[in-house]
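Descriptive analysis of the structure
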Amino acid sequence: MPLLRARLPSSFSTCRDSIESALLLCDAQHDEHNNNDESIDAIFLGGNHIGDKGVARIIDGLEDYIHYRKLYLCDNRISKYGVNLISQSLKHNTTLIELSLAGNSIGDTGASLLAASLQENNTLEILNLESNGIGCEGTKSIVDALLHNTQLRCLVLSENPIGDDGAKAILRCLRNTSSLHNLLHISNHTIVSIILKKPHIKSGKILRDIKSYLRVNRLASNIPQLAARRKLLLCVREDPTILTKCFVTIRERDPDIGLAMMPRVLWLLASQLDLGTLN
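Only a predicted model underlies this, so the values are computations on that prediction, with no experimental measurement involved. (Residues numbered from 1 in each chain as written. Predicted model: local features only at pLDDT ≥ 70, side-chain atom pairs only at ≥ 80, totals over all residues. Heavy atoms only, no water.)

1. Focus: the overall build of the chain
As a reminder of what qualifies: Segments assigned H or I by DSSP are reported as helices when at least four residues long, segments assigned E as strands when at least two residues long, and all are numbered from the N terminus. Only protein chains enter the accessibility calculation, which uses a 1.4 Å probe. A residue is then buried if its area is under 20% of the maximum for its type, exposed if over 50%, and partly exposed in between. Contacts are assigned to residue pairs that have any heavy atoms within 4.5 Å of one another.
Tallying secondary structure elements over the chain gives 10 helices and seven strands in all. Within the chain, buried positions represent 50% of all 279 residues. In the chain, of all internal contacts separated by at least 6 residues, the share reaching a separation of at least 24 is 78%.

What follows is the structure, given as structure tokens:
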């Protein structure tokens, strides 16, 4: 697949022609490969400091000209306003599989805007948000969206001050134990990589637990039921009382379901002596 690289002038106010030329180049390359059913695979516009106004022009132009699969907008001084435009585009985009916004300044608000689009987008597989000033709240918004997204497989949050609370939110997304009845089916079983270099996390155990649940996803991402069972094992190892807690809650909510689940719960409790039997 072809790759388009564009280096724009240092002052964006004088580079409108450069952007339009780049988009025309995309269109020409798309026509050249049309007979082979190919399209522009990647567009690299990193390090141009285009800002939010540049994002507006680029998003409009790309939607008019080409069907692209990878878009790199790293180090472009993009804020929450530019991300809002990107988020709106993502909601109806059906071709983009990789987006890099590393080295910008979208903050928690921008992360929340992207989270809204992740709940509707079903093609994006890789999202790089490294070094964007995203804290705990922005992280929570993103991982909450991942409970409704089954396509994203890699998320980069390195060098963001997400803190222990942000990391705990990621862990909850991977091992949601709010309902034993659905065997963790509302956890995210498809994401296989979350990169967290320099995340301002004090607890090493949280990072180790995140790695453990991601490992389950890598092994069983194509079989959600298997992933759910293995995650349940991990949860029970950490807190054996979780079974009885969830069972009591479910029984109070719906006695019939509680009665039907009793054999399963008893079996799981008995298996504490030999957890390997559930693998």
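2. A short note on helix α4 (residues 107-118)
Definition in use: Here a helix's expected span is defined as the number of its residues, less one, multiplied by 1.5 Å. Regarding the arc, it is the one traced by the directions from the helix axis to the C-beta atoms.
Between its first and last C-alpha, α4 extends 17 Å over 12 residues, near the 16 Å set by a 1.5 Å rise per residue. Those residues of α4 that fall on the buried side of the exposure criterion are G107, G110, A111, L114, A115, S117 and L118. Buried residues of α4 fall within an arc of 160 degrees about the axis and therefore sit on the same side.

3. Here we look at the pattern of salt bridges
Rule in force here: We define a salt bridge as a side-chain nitrogen of Lys or Arg found within 4 Å of a carboxyl oxygen belonging to Asp or Glu.
Taken as a whole and assessed by the stated rule, the structure comprises one salt bridge. The shortest N-O distance in the salt bridge between K205 and D209 comes to 2.8 Å. In this pair, K205 and D209 are both assigned in helix α7 (residues 204-220), four residues apart and thus about one turn of the helix distant.

4. What about the environment of G133?
Looking at where G133 falls in the secondary structure, it is placed in the loop between β5 (126-128) and α5 (136-146). Separated by 27 residues in the primary sequence, G133 and N160 have C-alpha atoms spaced 5.4 Å apart. Ignoring anything within four residues of it in the chain, the contact list for G133 reads G107, D108, N160 and P161.

5. Side note on unusual backbone geometry
Phi at S131 is positive, roughly 55 degrees, even though this residue is not glycine. By the element assignment, S131 lies in the loop between β5 and α5. One non-glycine residue, E159, lies in the positive phi region at around 55 degrees. Note on placement: E159 falls in the loop between β6 (154-156) and α6 (163-174).

6. Some words on the packing of aromatic side chains
The condition that has to hold: Only the six-membered ring of Trp is used, alongside the rings of Phe and Tyr, when aromatic pairs are assigned; centres must lie within 6.5 Å, and planes under 30 degrees apart are stacked while those over 60 apart are edge-to-face, with the rest tilted.
Considering all chains together, one arrives at one aromatic pair under this definition. For the pair F44 and Y72, a centre-to-centre distance of 6.0 Å together with 40 degrees between the ring planes defines the contact as tilted. Here F44 is found in strand β2 (residues 42-44), whereas its partner Y72 is found in strand β3 (residues 70-72), with 28 residues between them in sequence. Look at F44 and you get partly exposed, because its relative accessible area is 25%.

7. Observations concerning the nonpolar core
In summary, soluble globular proteins display a tendency toward joint burial of nonpolar side chains. Operational definition: Nonpolar cores are built from buried Ala, Val, Leu, Ile, Met, Phe, Trp, Tyr and Cys residues. Side-chain atoms within 4.5 Å join them into one set.
L99, L101, L129, L155, I170 and I210 are the most contacted members of the largest nonpolar core, which totals 52 residues. When contributions to this core are tallied by element, the ones reaching two or more residues are α2 (51-65), α3 (80-92), α4, α5, α6, α7 and α8 (224-238). Setting aside anything within four residues of it in sequence, one finds I170 in contact with T139, V143, L157, I162, I194, L196 and I210.

8. Description of the packing of α5 against α6
Worth spelling out the cut-off: In this analysis, axes come from line fits to C-alpha atoms, helices being fitted only over the stretch in contact, and the angle between any two N-to-C directions falls in the range 0 to 180 degrees. Orientation categories follow fixed angle ranges, with anything under 35 degrees roughly parallel, anything over 145 roughly antiparallel, 65 to 115 roughly perpendicular, and all other angles oblique. Side-chain classes follow a simple rule in which Ala, Val, Leu, Ile, Met, Phe, Trp, Tyr, Cys and Pro form the nonpolar group, Asp, Glu, Lys and Arg form the charged group, and the remainder, Gly included, forms the polar group.
It is the contact of α5 with α6, at a shortest axis distance of 8 Å, that shows an interaxial angle of 5 degrees. In this view, α5 runs roughly parallel relative to α6, as classed from their interaxial angle. For the pair α5 and α6, the contacting residues are C136, T139, K140, V143 and L146 in the first and D165, G166, A169, I170, R172 and C173 in the second. Here the contact of α5 with α6 is built from residues that sort into six nonpolar, two polar and three charged.

9. Some details on the packing of α4 against α5
At a closest axis distance of 8 Å, the pairing of α4 and α5 adopts a crossing angle of 5 degrees. With respect to their mutual orientation, α4 and α5 come out roughly parallel. Residue-level contacts link D108, A111, S112, A115 and L118 of α4 to C136, E137, G138, S141, I142, A145 and L146 of α5. For the contact of α4 with α5, a count of residues per class yields seven nonpolar, three polar and two charged.

10. Details of the side chain of N48
Heads up, the rule is: The term polar contact refers here to a pair of N or O atoms within 3.5 Å; inside protein, the definition further demands a hydrogen-donor-capable atom paired with an acceptor-capable atom, and it admits residues adjacent in sequence only when both atoms are side-chain atoms.
Structurally, N48 can be placed in the loop between β2 and α2. Among the polar contacts listed, one links the side chain of N48 to the backbone oxygen of G46, at a separation of 3.4 Å.

11. Quick look at the side chain of T123
Mapped onto the secondary structure, T123 falls in the loop between α4 and β5. When sequence neighbours within four positions are dropped, the list of residues in contact with T123 reads N93, T94, T95, L96, I97 and Q151.

12. With respect to the environment of K53
Following the sequence through the fold, K53 ends up in helix α2. With relative accessibility at 68%, the residue K53 sits in the exposed group. Sequence separation between K53 and I78 is 25 residues, and the spatial gap between their C-alpha atoms is 8.9 Å.

13. Here's the deal with the confidence of the model for the chain
The condition is simple: For every residue, the predictor reports its confidence as pLDDT, a number between 0 and 100.
Taken residue by residue, the chain gives an average pLDDT of 78. The fraction at 70 or more is 66%. Long-range and interchain partners of residues 8-17, a stretch whose pLDDT sits below 50, account for 13 contacts in this model, where long-range means more than four residues apart. Contacts for the low-pLDDT stretch residues 272-279, under 50 throughout, to residues beyond four places or in other chains number 11 contacts.

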